[in-house]
Amino acid sequence: MPKELIVIGGGVIGLELGSVWCRLGAKVTVVEATDKILGATDVGISREMQKILSKQGIEFHLKTLLKTAAVKNKKVTIECEHAGKSIQLSGDQSLVAVGRKPFTENLGLEKVGLKMDERGRILVDHGFKTSVANVYAIGDVIHGPMLAHKAEEEGIAVAENLAGKSGHVNYDAIPSIVYTWPEVASVGASEEMLKNDGVKYKKGQFSFKANGRAKAMGSVEGFVKVLADEKTDQLLGVHIVGPMASEMIAEAAIAFEYKASAEDIARSVHAHPTLAEAFKEAALGVDGRMIHS
């Protein structure tokens, strides 16, 4: 049990493990090179999560580059740079969590003719066929998010295709989860992605502070954000920071699979008291009709 832990990287793994050690009593410092935690996560979600984790005791150094690291007298000393100034941090241990890459090196894949992209991922077509006949690839070694449930669906799709059926994966409906406390979960596009693509959208956001189940649990931090197309009302993105977000996002993933609208969610009866009511309220909020705001 380190008394002081330095986490290099403010992404999913860095925050998941860093928050565990923080809850166990360690002083945790996170060093992140970019200007926000959780990478491509919706900016509003990232800001809320940083605020919550800061209250829990985690210290953040954003836009901070790691320069050197050394171990001396059973202590780790980290030298960083922020805005042109040098910063020194020390702790009992350091966790390096700066990203992942496919495990394709030194496997002899090139020798059998498998083609890969510049990031070492195996190239496949829409049916997961590689450049070599009768060889298929799925999961972390191909494009897309490195998620177990994504790989599982791809494996099922390959099996279905081999059986003569029409196996496919809807990549727009794959949920992403950060197992901190509270949890973070999302499916679909972020506000930043929609803005960059010039997509006009409507937004509804509902705080867990107004949710009866969250209040009874004593876990009211966070919110549900629903993004819907301005004209069609079809769901474009659902983002959650809050208790049991990993369970709540399943409803949103189903809604995405069936191309549901915010109105579809708003008109669906949600049992009371449940955390899922916050999703219904956020969907109502897309048209300014929240009940308990």
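In the block above lies the structure referred to throughout.
Here goes a summary of the coordinates provided. All chains use their own residue numbering, which begins from 1 and follows the written sequence. Local features in this predicted model are restricted to residues of pLDDT 70 or higher, and side-chain atom pairs are both shown and tallied only at a pLDDT of 80 or more, whereas totals for entire chains, interfaces and linings draw on every residue. Excluding hydrogens and water, the side-chain figures rest on all heavy atoms present in the structure.

**A look at helix α2 (residues 43-56)**
Step number 1: Helix and strand assignments come from DSSP, with helices taken as H or I runs of at least 4 residues and strands as E runs of at least 2, each series counted from the N terminus. Take the number of residues in a helix, subtract one, and multiply by 1.5 Å to get its expected span. Between its first and last C-alpha, α2 extends 20 Å over 14 residues, near the 20 Å set by a 1.5 Å rise per residue.
Step number 2: Where α2 is concerned, the buried positions are Ile45, Ser46, Glu48, Met49, Ile52 and Leu53. Within α2, the buried residues cover an arc of 165° as seen down the axis, which keeps them to one side. Along α2, the residues that are exposed and aim more than 90 degrees away from the buried face are Arg47 and Lys55.
Step number 3: Elements in contact with the buried residues of α2: α1 (12-23), β3 (59-61), β9 (183-188), β11 (223-229) and β12 (235-242).
Step number 4: Sitting at the head of α2, Asp42 places a side-chain oxygen 2.9 Å from the backbone nitrogen of Gly44.
Step number 5: One or two positions beyond α2, positive phi appears at Gly57, with a value near 120°. Burial classification: accessible surface area is computed with a 1.4 Å probe over protein chains only, and a residue below 20% of its type maximum counts as buried, one above 50% as exposed, and the rest as partly exposed. Here, the arc refers to the directions that run from the helix axis to the C-beta atoms. The contact definition used throughout considers only heavy atoms, calling two residues in contact when any of these lie within 4.5 Å. Between N or O atoms, a polar contact is any pair within 3.5 Å; within protein, one atom must be a potential hydrogen donor and the other a potential acceptor, and residues adjacent in sequence are included only when both atoms are from side chains.

**Here's the deal with a negative patch on the surface**
Step number 1: The residues that make up patches have over 30% relative accessible area and no salt bridge, and they are joined within 9 Å when like-charged or within 5 Å when they are Val, Leu, Ile, Met, Phe, Trp or Tyr. Residue exposure ignores everything except the shown protein chains as possible cover, and the areas themselves are Shrake-Rupley values with a 1.4 Å probe. Definition used for salt bridges: Asp or Glu carboxyl oxygen within 4 Å of a side-chain nitrogen of Lys or Arg. In this count, Lys and Arg are taken as positive residues and Asp and Glu as negative ones, while His and the chain termini are left out. One atom stands in for each charge, and that atom is NZ of Lys, CZ of Arg, CG of Asp or CD of Glu. On the surface, Glu152, Glu153, Glu160 and Glu257 cluster together to form a negatively charged patch.
Step number 2: Turning to its location among the elements, Glu257 is positioned in helix α6 (residues 245-257).

**Quick notes on a nonpolar patch on the surface**
Step number 1: On the surface, Met1, Val20 and Leu24 cluster together into a nonpolar patch covering about 300 Å² of accessible area.
Step number 2: Within the fold, Met1 resides in the segment before β1 (4-8).

**Some thoughts on the sheet that holds strand β10 (residues 201-207)**
Step number 1: Strands qualify as paired when DSSP identifies two bridges or more between them. Taken in spatial order, the five strands line up as β8-β9-β12-β11-β10 in an open sheet, and their pairing is antiparallel. Edge strands, defined here as strands with exactly one partner in the open sheet, are β8 (176-178) and β10. Averaged over all neighbouring strand pairs, the angle between strand axes comes to 10°, with direction disregarded.
Step number 2: Relative to β12, β11 is paired through six bridges, and the arrangement is antiparallel. By the bridge assignment, Val224 is partnered in β12 with Ile240.
Step number 3: Orientation is described by axes fitted as lines to C-alpha atoms, over the contacting stretch for helices, and by angles from 0 to 180 degrees between their N-to-C directions. Where helix α8 (residues 277-285) meets the sheet, it contacts β10, β11 and β12, and its direction lies at approximately 140° from that of β10.

**A few points about the nonpolar core**
Step number 1: Put simply, buried Ala, Val, Leu, Ile, Met, Phe, Trp, Tyr and Cys residues joined by side-chain atoms within 4.5 Å make one nonpolar core. Core analysis: the biggest nonpolar cluster contains 30 residues, and Phe208, Val224, Val238, Ile240, Ile249 and Phe279 have the highest contact counts within it.
Step number 2: Going through the elements one at a time, β9, β11, β12, α6, α7 (262-267) and α8 are the ones with two or more residues in this core.
Step number 3: Among the nonpolar cores identified, the runner-up in size contains 20 residues, and Val7, Val28, Ile37 and Val184 belong to it.

**Section: the pattern of salt bridges**
Step number 1: This structure, assessed with the given rule, holds 18 salt bridges.
Step number 2: Linking Asp92 and Lys75 is a salt bridge whose minimum nitrogen-to-oxygen distance equals 3.3 Å. In this pair, Asp92 is assigned in the loop between β6 (85-91) and β7 (93-96) and Lys75 in strand β5 (residues 75-82), connecting sequence segments 17 residues apart.
Step number 3: A relative accessible area of 24% places Asp92 in the partly exposed class.
Step number 4: Take Lys75: its relative accessible area is 32%, and that puts it in the partly exposed class.

**Some details on the sheet that holds strand β4 (residues 64-72)**
Step number 1: Sheet architecture is open: three strands sit in the order β4-β5-β6, paired in antiparallel fashion. Here the strands that pair on one side only, and so sit at the sheet edges, are β4 and β6. Each strand of the sheet is rotated relative to its neighbour by a mean of 20°, with strand direction disregarded.
Step number 2: Sheet analysis places β5 next to β6, joined by seven bridges and oriented antiparallel. When the sheet's bridge partners are listed, Glu81 is paired in β6 with Ser86.

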